[in-house]
Amino acid sequence: PPPPPPPPRDSIRRQRQMCIRDRNMGLALVRQGKIDEAIIHFSEALKIRPDYAAVHNNLGAALAKQGRIEEATKHFSEALRITRNARKKGLPQRQ
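Now for a look at the structure at hand.

Reading the values: rules and limits
Residues numbered from 1 in each chain as written. Predicted model: local features only at pLDDT ≥ 70, side-chain atom pairs only at ≥ 80, totals over all residues. Heavy atoms only, no water. Axes fitted to C-alpha atoms, helices over the stretch in contact; angles between N-to-C directions. Helix = DSSP H or I, 4+ residues; strand = E, 2+ residues; numbered from the N terminus. Parallel < 35°, antiparallel > 145°, perpendicular 65-115°, else oblique. Left-handed = near helix turned anticlockwise from the far one by under 90°. Contact = heavy atoms within 4.5 Å. Nonpolar A, V, L, I, M, F, W, Y, C, P; charged D, E, K, R; others polar.

Observations regarding the packing of helix H3 (residues 53–65) against helix H4 (residues 69–89)
Thinking step 1. Between H3 and H4, the least distance of the axes is 8 Å, while the angle of their chain directions is 160 degrees. Regarding the angle of H3 to H4, the classification is roughly antiparallel. The interaxial crossing formed by H3 with H4 has left-handed handedness. Touching Ala53, His56, Asn57, Leu59, Gly60, Ala61, Leu63 and Ala64 of H3 are Ile69, Glu71, Ala72, His75, Phe76, Glu78, Ala79, Ile82 and Thr83, all from H4.
Thinking step 2. For the contact of H3 with H4, the residue count by class is ten nonpolar, five polar and two charged.

Below, the structure is given as structure tokens:
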């Protein structure tokens with residue numbers, strides 16, 4: 001069977017907006033000291049864009065605040081891997 005068609009542009013735009021919303025909500029919750037809730041939002045953002053290095057870094061920092069160092073290290077490492085690969089390919093860094 002043929003591959004499925006790509007999602008419509010408005011669907012992609014909506015996903016990006018949801019990802020940014022979740023990241024921003026996570027950042028706001030961290031500032032309020034609501035780390036558990038922030039982790040949920042960062043995780044949701046990564047479901048949409050698993051290659052988002054900044055969100056991996058944010059999630060790693062939130063996990064580290066909870067003393068979940070092993071999990072945090074995985075996200076910090078993934079952020080570095082994504083960033084290095086983007087640099088090798090000459091791609092702009094996503095914020």
